[in-house]
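Structural overview for review
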Amino acid sequence: MIGIVFYAYAAPQSRDDLPEFFTHLSDGNEVKPMVVEDFMKRYREFGSNDPLGAHTARIVIGLEKLLKPKIKNVKVYNAYKHTTPFLEDTLKKMLEDGMETFVTFSVNPIFSPTGAGVYQKEVENFLAKSGQKHELIHIKNWNTHPSIISVYGDRLKRAFKWLPAHVREDAFVLFTVHSQPLNPAGNNEYIELYQAMAQAVAIEAGVKNWMMTYRSASSKNGWLSPDVKDAMRSLCVEGSRGFVTCELLSIVADMESFFEIGRDAQALAMN
């Protein structure tokens, strides 16, 4: 039996889950009510359920249906770091279901030691402690696979064409991923994978003006830059009249990127 664990950061099922989610996020420490309320406000503004949870659950169903005709003894599972089903609980369920081969598959096509690397290490440690022998396969660095580049290229092409024709010549595509603390030994692979994917998507979409930027570190010194909003300000001064933001770290939109490169970037562009 082959078990594929498709994992992501978190997927609250209800707004009632948010306090518990933030407590887990802070390693059990008490979270100030104003912090939780701020995110409650974001979800109300978003006007829908958590996108990461909704889409990852559907991907698991779709992936299993896609694989079943080719691999009969396969089952796909969800797992998250900060919400249920937690990774350890999912792995226990996989053992109970008799899985012999474990495959890890991240929502992130770009590998980072603090992202997918953490999950992979947890799976390795869990199986080592299980006292049983299992085959373990990590799917990583699929950032330039033709299929995912085709998906992103189509998304970007449609978004870019939505810009008014008279601004496209001076418009820029700003690719983003979550920033990381500066650490040459740890950043190099992350940046190289990011650059390779950004370039491949830009070529697929036929976009010439593009730039690699980062998000979630606008006020943090010593993190990878430029911040996406700082890049927008600089490009505006240079004459750019339109922007398309494109997040590459996750194949599924999450709340953080939705607001940072969506709402916040749009507000900046309109001022």
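That block above? That's the structure.
Residues numbered from 1 in each chain as written. Predicted model: local features only at pLDDT ≥ 70, side-chain atom pairs only at ≥ 80, totals over all residues. Heavy atoms only, no water.

1. Concerning the nonpolar core
Of all hydrophobic cores here, the largest spans 60 residues; its most connected members are Ile110, Phe175, Tyr194 and Leu248. Of the residues forming this core, the biggest block, eight residues, is contributed by helix H8 (residues 184-205). Setting aside chain neighbours within four positions, we find leucine 248 in contact with Pro109, Ile110, Tyr152, Phe175, Thr176, Val177, Tyr194, Met197, Ala198 and Val201. Counting residues in each nonpolar core, the second largest holds 10 residues, with Leu18, Val36, Met255 and Phe259 among its members. (Core = buried A, V, L, I, M, F, W, Y, C linked by side-chain atoms within 4.5 Å. Buried < 20%, exposed > 50% of the residue type's maximum accessible area, 1.4 Å probe, protein only. Helix = DSSP H or I, 4+ residues; strand = E, 2+ residues; numbered from the N terminus. Contact = heavy atoms within 4.5 Å.)

2. Notes on helix H9 (residues 228-237)
Every buried residue belonging to H9 is among Val228, Lys229, Ala231, Met232 and Leu235, and all of these are buried. Along the axis of H9, the buried positions cluster into a sector of 155°, meaning they face one direction only. The secondary structure elements touched by the buried residues of H9 are strand S5 (171-178), strand S6 (210-215), strand S7 (242-247) and helix H10 (255-270). By the N-cap criterion, in which a side-chain oxygen at the helix start approaches the backbone nitrogen of a residue two or three places on, H9 is capped by aspartate 227, the distance to lysine 229 being 3.0 Å. (Arc of directions from axis to C-beta. Polar contact = N/O pair within 3.5 Å; in protein donor to acceptor, adjacent residues only side chain to side chain.)

3. Overview of the sheet that holds S7
Spatial ordering of the open sheet is given by S6-S5-S7, a layout of three strands whose pairing is parallel. The open sheet terminates on both sides in strands that have one partner only, identified here as S6 and S7. Adjacent strand axes in the sheet meet at a mean angle of 30°, parallel and antiparallel pairs treated alike. In this fold helix H6 (residues 146-162) packs onto S5 and S7, with an angle of close to 160° to the strand it touches most, S7. With respect to the sheet, H9 is in contact with S5, S6 and S7, its orientation differing from that of S6 by roughly 140°. (Pairing = 2+ DSSP bridges. Axes fitted to C-alpha atoms, helices over the stretch in contact; angles between N-to-C directions.)

4. As for the sheet that holds strand S4 (residues 135-139)
The sheet built from four strands is open, its strands ordered S2-S1-S3-S4 with parallel pairing. Edge strands, defined here as strands with exactly one partner in the open sheet, are strand S2 (74-80) and S4. Each strand axis lies, on average, 20° off the axis of its neighbour in the sheet, ignoring direction. Packing of helix H3 (residues 51-67) onto the sheet brings it into contact with strand S1 (2-8), S2 and strand S3 (101-106), and relative to S2 it is tilted by some 165°. The strands that helix H5 (residues 116-129) touches are S1, S3 and S4; relative to S4, the one it contacts most, it runs at about 180°.

5. Description of the pairing of S1
Extensive coverage of S1 is indicated by the burial of six of its seven residues. Summarising the sheet, S1 and S2 pair through seven bridges and their orientation is parallel. Across the sheet, glycine 3 pairs through a bridge with lysine 75, a residue of S2. Examined bridge by bridge, S1 and S3 share six bridges and lie parallel to one another. From the neighbouring strand, valine 5 faces S3, where its bridge partner is threonine 104.

Function-wise, these values are silent; they only describe arrangement.
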